[in-house]
Amino acid sequence: MLGLPPGTEGAFVTGATMANFTALAAARHAVLARAGWDVASDGLTGAPPVTVIVGEEAHPTLLKSLGLLGFGRRGIVRLPVDLQGRIRPDVLPRLSGPTIVCLQAGNINTGAFDPFDALCTPAREAGAWVHVDGAFGLWAQASPRLAPLSRGVERADSWATDAHKWLNVPYDCGLAFVREPGTLPAAMSISAEYLPASGAQRSPSDFTPELSRRARGVEVWAALRSLGRSGLADLLDRNCRQARRFAARLAEAGCEILNEVVLNQVLVSFGSPEATRRVVAAVQEDGTCWCGGTVWQGRAAMRISVCSWATTDADVERSIEAILRAVRRLDV
Ligand SMILES: Cc1ncc(COP(=O)(O)O)c(C=O)c1O
């Protein structure tokens, strides 16, 4: 469904933050192993330096995950992005030595995707590990209409996503995926005399940071079973169509849409930062729908994110009316 390469291994974790952490732990282990260093045994002190590359608009939880793995913020190379938050392919530096390149499927503000094909080709040629944070955007792969947005994402080595975002299962359900079989357990495996020995049956704690954990797969199975492939594609397409409807109606009414609405995210400015903040507060107070505030490349915005199976087209119309009511009432 997500179009990942055959043989890809995965693990259920608490969310995309831990999915990034888990996949990047595998990345760290693999790039250092290729350089002749066993990080599981010898730690990071004295290890060959690892170049870690991210886009300027990487989600803060990606930086947090990297920090937990010993890659401090000051040492990370941050690449410039375009107006949608996509890494510009022309700015990828020449790569050599152990390297992890972190790309993004679905920017939290704009919904934009990094240009995977253009970035994966040089990264893979240089032997770098490519990781993709696809907390909600990786789901584009499950819709034939949206899949062109994430073209080339399957060329990465690892991916992080959430089931508790667009698949709408309850909170605390992320997924880490790693292409090369055996790489994830190499970083995560655990044994103890009192535990059953890993045998023919997969031992989940050999794939995740945690030992004890709940059966997150049950809800994911249930959601996928009830939606089916076409039901999931319909959900994704419907939310994106609803996002475009928000953008079109608000633009018609004179509001400024700050992003290209390619997925399910819409950024709206109502004039000055102060006016935008007041509209966001009024919409939240009104309670018809909930939209948060954000700042996109220096501009205050209201962030509309459409991602619920329960949102109907009538809800969207009611929400648009509520936003425009706030605009009129505040006279911004
Ligand atoms: C791109 C991206 N990465 C990571 C995260 C963190 O996800 P979680 O809250 O599931 O840890 C988010 C959350 O919105 C996100 O949008």
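Use the structure listed above.
This one's a predicted model, so the numbers in the text were calculated from it and none came from an experiment. (Residues numbered from 1 in each chain as written. Predicted model: local features only at pLDDT ≥ 70, side-chain atom pairs only at ≥ 80, totals over all residues. Heavy atoms only, no water.)

A.B. asks: Hey, could you run me through the packing of helix α6 (residues 217-252) against helix α8 (residues 313-330) in this one?
C.D. replies: In contact at an axis separation of 10 Å, α6 and α8 are set at 30 degrees when each is read in the N-to-C sense. Between α6 and α8, the angle is such that the two are roughly parallel. Seen along the crossing, α6 lies across α8 with a hand that is right-handed. Judged by residue contacts, Arg 241, Gln 242, Arg 245, Phe 246, Arg 249 and Leu 250 of α6 engage Asp 313, Val 316, Glu 317, Ser 319, Ile 320, Glu 321, Ile 323 and Leu 324 from α8. (Axes fitted to C-alpha atoms, helices over the stretch in contact; angles between N-to-C directions. Helix = DSSP H or I, 4+ residues; strand = E, 2+ residues; numbered from the N terminus. Parallel < 35°, antiparallel > 145°, perpendicular 65-115°, else oblique. Left-handed = near helix turned anticlockwise from the far one by under 90°. Contact = heavy atoms within 4.5 Å.)

A.B. asks: Looking at this structure, how should I read the site of the ligand?
C.D. replies: As a structural note, the neighbourhood of the ligand is formed by 14 residues, with Ala 16, Thr 17, Asp 133, Asp 162 and His 164 the closest of them. Within the side chain of Asp 133, one N or O atom sits 2.7 Å away from a nitrogen atom of the ligand. Protein contacts shield 83% of the accessible area of the ligand, which totals 390 Å² for the unbound molecule. Of the residues assigned to the shell around the ligand, the class counts are four nonpolar, seven polar and three charged. (Near = heavy atom within 4 Å. Polar contact = N/O pair within 3.5 Å; in protein donor to acceptor, adjacent residues only side chain to side chain. Areas by Shrake-Rupley, 256 points an atom, 1.4 Å probe, with all protein chains shown as cover. Nonpolar A, V, L, I, M, F, W, Y, C, P; charged D, E, K, R; others polar.)

A.B. asks: Got a minute to help me understand the nonpolar core in this structure?
C.D. replies: Note that soluble globular proteins tend to have their nonpolar side chains buried in a common cluster. Leu 103, Phe 116, Val 132, Trp 159, Leu 167 and Leu 263 are the most contacted members of the largest nonpolar core, which totals 43 residues. Counting only elements with at least two residues in this core, the list comes to β4 (99-104), α4 (116-125), β5 (129-133), β7 (174-178) and α6. The element best represented in this core is α6, accounting for six residues. Apart from residues lying up to four places away in sequence, Leu 263 is in contact with Gly 111, Phe 113, Phe 136, Gly 137, Ala 140, Leu 146, Leu 149, Trp 166, Cys 240 and Ala 243. In terms of nonpolar packing, the next biggest core, distinct from the first, is built from 29 residues, Val 50, Val 52, Leu 63 and Leu 66 among them. (Core = buried A, V, L, I, M, F, W, Y, C linked by side-chain atoms within 4.5 Å. Buried < 20%, exposed > 50% of the residue type's maximum accessible area, 1.4 Å probe, protein only.)

A.B. asks: How should I be thinking about the packing of aromatic side chains in this particular structure?
C.D. replies: Aromatic rings considered in pairs are described by the distance between their centres and by the relative angle of their planes. Counting across every chain of the model gives zero aromatic pairs. Against the face of Phe 207 rests Arg 202, its NZ or CZ located 3.9 Å from the ring centre. (Phe/Tyr/Trp six-rings, centres within 6.5 Å; stacked < 30°, edge-to-face > 60°. Lys NZ or Arg CZ within 6 Å of the ring centre and 35° of its normal.)

A.B. asks: It is not clear to me how the pattern of salt bridges should be interpreted in this structure. Could you clarify?
C.D. replies: Close approach of charged atoms allows side chains of opposite charge to pair. All told, the structure shown has 18 salt bridges when counted by the stated rule. Note that Arg 124 and Asp 157 form a salt bridge whose closest N and O atoms lie 3.3 Å from each other. Separated by 33 residues along the polypeptide, Arg 124 in helix α4 and Asp 157 in the loop between β5 and β6 (158-162) bring together distant segments of the chain. Asp 157 sits in the buried class, given a relative accessible area of 9%. Across the pair Asp 162 and Lys 165 runs a salt bridge, and its minimum N-O distance is 2.4 Å. (Salt bridge = Lys/Arg side-chain N within 4 Å of Asp/Glu carboxyl O.)

A.B. asks: Looking at this structure, how should I read the sheet that holds strand β1 (residues 9-13)?
C.D. replies: Backbone hydrogen bonds hold the strands of a sheet together, and the pairing may be parallel or antiparallel. The strand order across the open sheet built from seven strands is β1-β7-β6-β5-β4-β2-β3, with neighbouring strands paired in mixed fashion. Each edge of the sheet is formed by a strand with only one pairing partner; in this case those strands are β1 and β3 (77-79). The mean inter-strand angle of the sheet, taken between neighbouring strand axes irrespective of direction, is 20 degrees. In this fold helix α3 (residues 60-68) packs onto β2 (51-55), β3, β4 and β5, with an angle of close to 170 degrees to the strand it touches most, β2. On top of the sheet, α4 reaches β4 and β5; it is set at about 175 degrees to β4, its chief contact. (Pairing = 2+ DSSP bridges.)

A.B. asks: Help me out: how do you make sense of the sheet that holds strand β8 (residues 256-257) in this one?
C.D. replies: The sheet built from four strands is open, its strands ordered β8-β9-β11-β10 with antiparallel pairing. Looking along the sheet, the strands with just one partner apiece sit at the ends: β8 and β10 (292-296). Packed onto the sheet, α6 meets β8, β9 (265-269) and β11 (299-305) and runs at close to 20 degrees relative to β9. Of the strands in this sheet, β9, β10 and β11 touch helix α7 (residues 273-286), which is tilted by about 30 degrees from β11.

A.B. asks: I'm lost on the pairing of β6 in this one. Help?
C.D. replies: Where a strand is regular, its side chains alternate between the two sheet faces. Among the five residues of β6, five are classified as buried, and the element is accordingly described as predominantly covered. Neither face of β6 is exposed, since Ser 158, Ala 160 and Asp 162 on one face and Trp 159 and Thr 161 on the opposite face are all buried. Relative to β6, β5 runs parallel, the two being bridged by three bridges. Note on β6: the bridge partner recorded for Asp 133 is Ala 160. Strand direction decides the pairing type here: β6 and β7, joined by five bridges, are antiparallel. When the bridges of β7 are listed, Asp 162 appears paired with Gly 174.

A.B. asks: Please explain the state of the cysteines as it appears in this structure.
C.D. replies: Under the counting rule described, the total for this entry stands at zero disulfides. Between Cys 291, a cysteine without a disulfide, and Cys 289, which holds the nearest cysteine sulfur, the sulfur-to-sulfur distance is 4.0 Å. (Disulfide = S-S within 2.5 Å.)

A.B. asks: So what exactly am I meant to see when it comes to the environment of Leu 184 here?
C.D. replies: Along the polypeptide, Leu 184 turns up in helix α5 (residues 183-188). The buried category is assigned to Leu 184, whose relative accessible area is 0%. It is 18 Å that separates the C-alpha atoms of Leu 184 and Val 50, two residues lying 134 residues apart in sequence.

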